[in-house]
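Structural overview
Read off the chains here:
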Amino acid sequence: MKYTVITGASSGIGYEAALAFAARGKNLILVARRTEKLEELKSTIQDIDPTVNVIVRSTDLSVTEQAYTLYNTLKEYQIETWINNAGLGEASFVAEQNLDKVETMLRVNIESLTILSTLFVRDYADVEGTQLINVSSALGYAIAVGSVAYSASKYYVSAFTEGLAKELELKGAKLKAKVLAPAITETEFVKKSIDAEDFDYKANMPKYHTAKQMAGFMVELYDSKDVVGIVDQNYDFNLRSQIYPIISEF
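Read on for a plain summary of the structure. (Residues numbered from 1 in each chain as written. Predicted model: local features only at pLDDT ≥ 70, side-chain atom pairs only at ≥ 80, totals over all residues. Heavy atoms only, no water.)

Once that is clear, we can look at the sheet that holds strand S2 (residues 27-32). Spatial ordering of the open sheet is given by S3-S2-S1-S4-S5-S6-S9-S10, a layout of eight strands whose pairing is mixed. Of all strands in the sheet, those bounded by a partner on one side alone are strand S3 (54-58) and strand S10 (237-240). Along the sheet, successive strands turn relative to each other by an average axial angle of 20°, direction set aside. As paired elements, strand S1 (residues 2-7) and strand S4 (residues 78-84) share five bridges and run parallel to each other. (Pairing = 2+ DSSP bridges. Helix = DSSP H or I, 4+ residues; strand = E, 2+ residues; numbered from the N terminus. Axes fitted to C-alpha atoms, helices over the stretch in contact; angles between N-to-C directions.)

Pasting the structure below:
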């Protein structure tokens, strides 16, 4: 039995991606901090299709050790796709940013993503049909003043994953690494970034996608042979080959 792992699955893009992959009959391992939200999602999926096997793992990826623990507890399962969707934001000017919040963001967006990607690649590089999808951001390709640290963390995700994709290609690996780069998406993300109780997308954003739309784009990327799925300035979704210049040392 094969599984698709989705981190940050309790809400937003991760939640909708779980529904989208479940609709294809994919067995799921859902990861997030909020166990009750994961259990609710599990019930929803199994009400729709009782044949889909859903496993829940409560994990805080802002604690680096928990990334290792998560991966080690999943050794018994055969994993087909690993989706690093968990991510945090910080919307403030650098001189004014909350460094505790920034540290937490960097651990989730960079450290845990790198650990989980590396461990998955070590075990599955030569397994046919496997994929690693790392969720970056359109701000992983353009710097947003007022969210510089967040942009920089997503530049890392984009560069790391594009570079990994090239390494795997050069080695003739069977695993494919891909980057999903959403723009503004209607999720809990913005209100957490600005520490607000709520955020009205319709009132404040001229353009945005719903989490369900972004999950659909993720599935398009999954089905494609391209490395990057990115939302452009017009809010159109584009599948691309690698965007960053690659210097091969081989």
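On we go.
The biggest cluster of nonpolar side chains holds 35 residues, and the ones touching the most others in it are Ile29, Leu74, Trp82, Phe120, Leu132 and Leu168. Looking at this core element by element, the count peaks at seven residues for helix H4 (residues 99-124). Those residues within four positions of Ile29 in sequence are excluded, and the remaining contacts are Tyr3, Thr4, Val5, Ile6, Ile55, Arg57, Leu74 and Tyr77. Within the second largest apolar cluster, 32 residues are counted, among which are Phe21, Val219, Leu221 and Phe237. (Core = buried A, V, L, I, M, F, W, Y, C linked by side-chain atoms within 4.5 Å. Buried < 20%, exposed > 50% of the residue type's maximum accessible area, 1.4 Å probe, protein only. Contact = heavy atoms within 4.5 Å.)

Attention shifts here to the pairing of S3. Across five bridges, the pairing between S2 and S3 is parallel. Residue pairing across strands places Val31 opposite Arg57, the latter belonging to S3. Handedness of the crossover joining S2 and S3 through helix H2 (residues 35-48): right-handed. (Right-handed = clockwise from strand over helix to strand, strands pointing away.)

The next thing to look at is H2. Taking 1.5 Å per residue as the helical rise, H2 with its 14 residues ought to reach 20 Å, and the 20 Å between its terminal C-alpha atoms agrees with that figure. Those residues of H2 that fall on the buried side of the exposure criterion are Leu38, Leu41 and Ile45. Taken end-on, H2 shows its buried residues confined to a sector of 60°, consistent with a single buried face. Against helix H1 (12-22), S2 and S3 lie the buried residues of H2. (Expected span 1.5 Å × (residues − 1). Arc of directions from axis to C-beta.)

The general pattern is negative phi for most residues beyond glycine and trans for most peptide bonds. Phi at Tyr235 is positive, roughly 65°, even though this residue is not glycine. Judged by relative accessible area, Tyr235 falls into the buried class, the value being 18%.

What follows deals with helix H3 (residues 64-73). Inspection of H3 places Thr64, Ala67, Leu70 and Tyr71 among the buried residues, and these make up the whole buried set. Buried residues of H3, seen end-on, are gathered within an arc of 110° and therefore sit on one face of the element.

Next up on the list: the pattern of salt bridges. One pass over the structure, following the stated rule, counts six salt bridges. For Glu90, the salt bridge identified is with Lys101, shortest N-O distance 3.5 Å. Here the residue Glu90 occupies a position in the loop between S4 and H4, and Lys101 occupies one in helix H4, the gap between them amounting to 11 residues. In this structure, Glu90 and Lys101 share a single accessibility class: buried. (Salt bridge = Lys/Arg side-chain N within 4 Å of Asp/Glu carboxyl O.)

Taken by themselves, the reported measurements are silent on function.
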